[in-house]
Amino acid sequence: MKDVTTSPPPPGPDVDVVLPCLDEAEALPWVLARIPAGWHALVVDNGSTDGSAEVARALGATVVREERRGFGAACHAGLLAATADVVCFCDCDASLDPRLLLPFVEEVRAGGADLVLGRRRPQGRGSWPAHARAGNLALSLLLRRRTGLTLRDLGPLRAARREPLLSLGLTDRRSGYPLEMVVRAADAGWRVTEHDVPYLPRSGASKVTGTWRGTWQAVRDMSRVLRDTPPAERERTAPGGTR
């Protein structure tokens, strides 16, 4: 009888990077070229009409389609599609370099934090409009009152383990998604840390904070999250198990 040796399946990615995308064909080459070696880019196409999906595929990324419009809808579709133990999130507009996530992932893996966030530090004129900074500051103060966390930004650059993220039961599918993640993590007793990251002028026009109207919509979505999130006393699944 012939001895047949079965080859082990190829290893999965070390880290999945979720990149919510709406008409970012211009920025995608810059962003995807900076995904660290061994990591996997998940570009979530949220209804692009500029060929973003085709550009992403040509550059080796996996494209996930999410028909429901909304930043949170795109982010959560990427989280559901991820398979790696650690999942990162990064904007797809070339305002943030995915390589900045390397120490975030190391901190999560070493057990120093359960959720690591990037505090955006503007680099250059126009990288972060005044109205967007004002809205972010107001939400940071409300977040501190609600959770006790002294974060100074609720930026999109972040890293955490996939299974605990799924256990948070995130429901917002609009601009409130990033804040809901932090609030529910705090309620679950997660260790949340924040590190400065350079924030570059984005490629193209912002879909959320590029205008007063967009900023107001984002603040309204996030304010609703602060009101609707269950209190910390409600039992939740923490990264190490049920409290």
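Because the structure is predicted, anything quoted here is derived from the model rather than measured.

Enquirer: Could you clarify how one ought to interpret unusual backbone geometry in this entry?
Expert: With glycine set apart, most residues show a phi of negative sign, and most peptide bonds adopt trans. Positioned with a positive phi, Asp23 is a non-glycine residue whose angle comes to about 60 degrees. Counting through the fold element by element, Asp23 comes out in the loop between β1 (15-21) and α1 (28-32). Positive phi is not limited to glycine here, since Ala94 has a value of about 70 degrees.

Enquirer: Where do I start with the packing of aromatic side chains in this structure?
Expert: When we look at a pair of aromatic rings, we describe it by the centre distance and by the angle of the planes. Applying the stated criterion across every chain, the model contains 0 aromatic pairs. Directly above the ring of Tyr199 sits Arg120, whose terminal nitrogen or CZ lies 5.2 Å from the centroid.

Enquirer: What exactly am I supposed to notice about the side chain of Asp45 here?
Expert: Along the chain, Asp45 falls in strand β2 (residues 40-45). Overall, Asp45 belongs to the buried group, its relative accessible area being 2%. With residues up to four places along the chain from it excluded, the contact list for Asp45 reads Cys21, Ala53, Val63, Val64, Arg65 and Glu66.

Enquirer: I tried to follow the environment of Ala82 on my own but got confused; where do I start?
Expert: Tracing the backbone shows Ala82 in the loop between α3 (71-81) and β4 (86-89). A residue is classified by how much of its surface remains accessible, and Ala82, at 5% relative accessible area, is buried. In this view, Ala82 contacts Asp16, Leu42, Val87 and Arg162; residues no more than four positions away in its chain are not counted.

Enquirer: I'm lost on α3 in this one. Help?
Expert: Helical periodicity: at 3.6 residues per turn, an α-helix aligns residues three or four positions apart in one direction. Counting buried positions over the 11 residues of α3 gives 8, a clear majority of the element. What α3 keeps buried is the set Gly72, Ala73, Ala74, Cys75, His76, Ala77, Gly78 and Leu79. On its buried side, α3 packs onto β1, β2, β3 (62-65), β4, α6 (162-167) and α7 (177-187).

Enquirer: Whenever I open this one, the confidence of the model for the protein chain confuses me. Can you help?
Expert: As a general rule, the predicted coordinates of low-pLDDT regions are not to be interpreted in detail. When the pLDDT values of the protein chain are averaged, the result is 85; 77% of them are 70 or greater. Predicted confidence for residues 1-9 stays below pLDDT 50, and this span has 0 contacts to residues more than four positions away or in other chains. Counting contacts from residues 231-237, a segment whose pLDDT is below 50, to residues more than four positions away or on other chains yields 18 contacts.

What counts as what
- Residues numbered from 1 in each chain as written.
- Predicted model: local features only at pLDDT ≥ 70, side-chain atom pairs only at ≥ 80, totals over all residues.
- Heavy atoms only, no water.
- Helix = DSSP H or I, 4+ residues; strand = E, 2+ residues; numbered from the N terminus.
- Phe/Tyr/Trp six-rings, centres within 6.5 Å; stacked < 30°, edge-to-face > 60°.
- Lys NZ or Arg CZ within 6 Å of the ring centre and 35° of its normal.
- Buried < 20%, exposed > 50% of the residue type's maximum accessible area, 1.4 Å probe, protein only.
- Contact = heavy atoms within 4.5 Å.
- pLDDT = per-residue confidence, 0-100.

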